[in-house]
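Architecture and fold: a report
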Amino acid sequence: MSLSDPFFLDKSDADSWKSLNAFSLKVKAAGEAAGLEYRLIELLNVRISQINGCAFCLDMHTRQAMEAGENTQRLAVLSVWRETALFNDIESAALAVAEAATTLPDSETRIAELAAARLVLTDAQFSAVQWAAIAMNAFNRVSILSQHPVRARKA
């Protein structure tokens, strides 16, 4: 073993990994119960993974977003979603919440972003988006720390 070999955190403590996955399933169920489309949750996962620089999760959730019906144009401009008119009010509010939960900007900015989103999202949606962001941020950190590789897929 060399010091540069990845240490797969998810493999080293299977119980914690299973708990994180169980948590993620609860979060997914809360999103569904709040009326959030799976496609939107995957869009949030992609955006959070972009911000965090998690190649493994970005690869996986881009594929899952497309399988859920997301299109390549919206994925291509996701990092600059505020500069387009391609996202509806609920999607924009959810993206703003996910970004605030991921970047944790200064309190004034964070409070303003979250308050604006609360005007669009129901309480259940607002809660579900925040929990989804927390879960995705946790998965990003596991993958980044583990150096999970992105493998080429067959076309």
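One structure accompanies this document, and this report is about it.

Reading the values: the criteria
- Every residue gets a number counted from 1 within its own chain, in the order that chain's sequence is written.
- Local features in this predicted model are restricted to residues whose pLDDT is 70 or higher, and side-chain atom pairs enter the listing and the counts only when it is 80 or higher, whereas totals over whole chains, interfaces and linings include all residues.
- Only hydrogens and water are set aside; all other atoms, that is, all heavy atoms of the structure, feed into the side-chain values.
- Secondary structure elements follow DSSP: runs of H or I no shorter than four residues count as helices, runs of E no shorter than two count as strands, and numbering proceeds from the N terminus.
- Only protein chains enter the accessibility calculation, which uses a 1.4 Å probe. A residue is then buried if its area is under 20% of the maximum for its type, exposed if over 50%, and partly exposed in between.
- Should any heavy atoms of two residues lie within 4.5 Å, those residues are considered in contact.
- Working convention: axes come from line fits to C-alpha atoms, limited for helices to the stretch in contact. Angles between N-to-C directions cover 0 to 180 degrees.
- In this scheme, roughly parallel covers angles under 35 degrees and roughly antiparallel covers those over 145, while 65 to 115 is roughly perpendicular and the rest are oblique.
- Each crossing gets its handedness from the near helix: less than a right angle anticlockwise from the far helix is left-handed, clockwise is right-handed.
- Amino acids are sorted into nonpolar (Ala, Val, Leu, Ile, Met, Phe, Trp, Tyr, Cys and Pro), charged (Asp, Glu, Lys and Arg) and polar (every other residue, Gly among them).
- Think of a polar contact as two N or O atoms within 3.5 Å of one another; within protein, one of them needs to be a possible hydrogen donor and the other a possible acceptor, and neighboring residues in sequence only count if both atoms come from side chains.
- In this scheme, patches are assembled from residues that exceed 30% relative accessible area and form no salt bridge. Like charges are connected within 9 Å, while nonpolar side chains (Val, Leu, Ile, Met, Phe, Trp, Tyr) are connected within 5 Å.
- To be clear on the numbers: accessible area is Shrake-Rupley with a 1.4 Å probe, and residue cover counts the displayed protein chains and nothing else.
- Counted as salt bridges are all cases of a side-chain nitrogen of Lys or Arg within 4 Å of a carboxyl oxygen of Asp or Glu.

Digging into the overall build of the protein chain
Scanning the protein chain from N- to C-terminus turns up eight helices and zero strands. Listed N to C, the secondary structure of the protein chain is α-α-α-α-α-α-α-α in terms of helices and strands. Expressed as lengths along the three principal axes of its C-alpha atoms, the size of the protein chain is roughly 55 × 35 × 30 Å. A burial count over the protein chain gives 37% of its 155 residues as buried. A sequence separation of at least 24 residues applies to 73% of the contacts in the protein chain between residues at least 6 apart.

What to know about the packing of helix H3 (residues 38–52) against helix H4 (residues 55–67)
Where H3 meets H4, the closest approach of the two axes is 9 Å, and the angle between their N-to-C directions is 155°. As judged from the angle between their axes, H3 and H4 are roughly antiparallel. For the pair H3 and H4, the crossing hand works out as left-handed. The residues of H4 that touch H3, namely those facing Tyr38, Arg39, Glu42, Asn45, Val46, Ser49 and Gln50, are Cys57, Leu58, His61, Thr62, Gln64 and Ala65. Considered class by class, the residues forming the contact of H3 with H4 number five nonpolar, six polar and two charged.

With respect to the environment of Asn140
Mapping Asn140 onto the fold places it in helix H8 (residues 123–146). The spatial distance from the C-alpha of Asn140 to the C-alpha of Leu58 is 8.9 Å, given a sequence separation of 82 residues. Discounting chain neighbours no more than four positions away, the residues touching Asn140 are Ile48, Ser49, Asn52, Cys54 and Cys57. Side chain to side chain, Asn140 and Asn52 meet in a polar contact 2.7 Å long.

Concerning the side chain of Ser143
Position of Ser143 among the secondary structure elements: in helix H8. In this structure Ser143 comes out as buried when scored by relative accessible area, which is 5%. Sequence-distant contacts of Ser143, that is, excluding residues within four places in its chain, are made with Cys54, Phe56, Cys57 and His148.

A look at a nonpolar patch on the surface
A surface patch of nonpolar side chains, about 320 Å² in accessible area, is lined by Phe7, Leu9 and Leu145. With respect to the element layout, Phe7 can be found in the segment before helix H1 (9–12).

The quantities given are spatial measurements derived from coordinates; they are silent on function.
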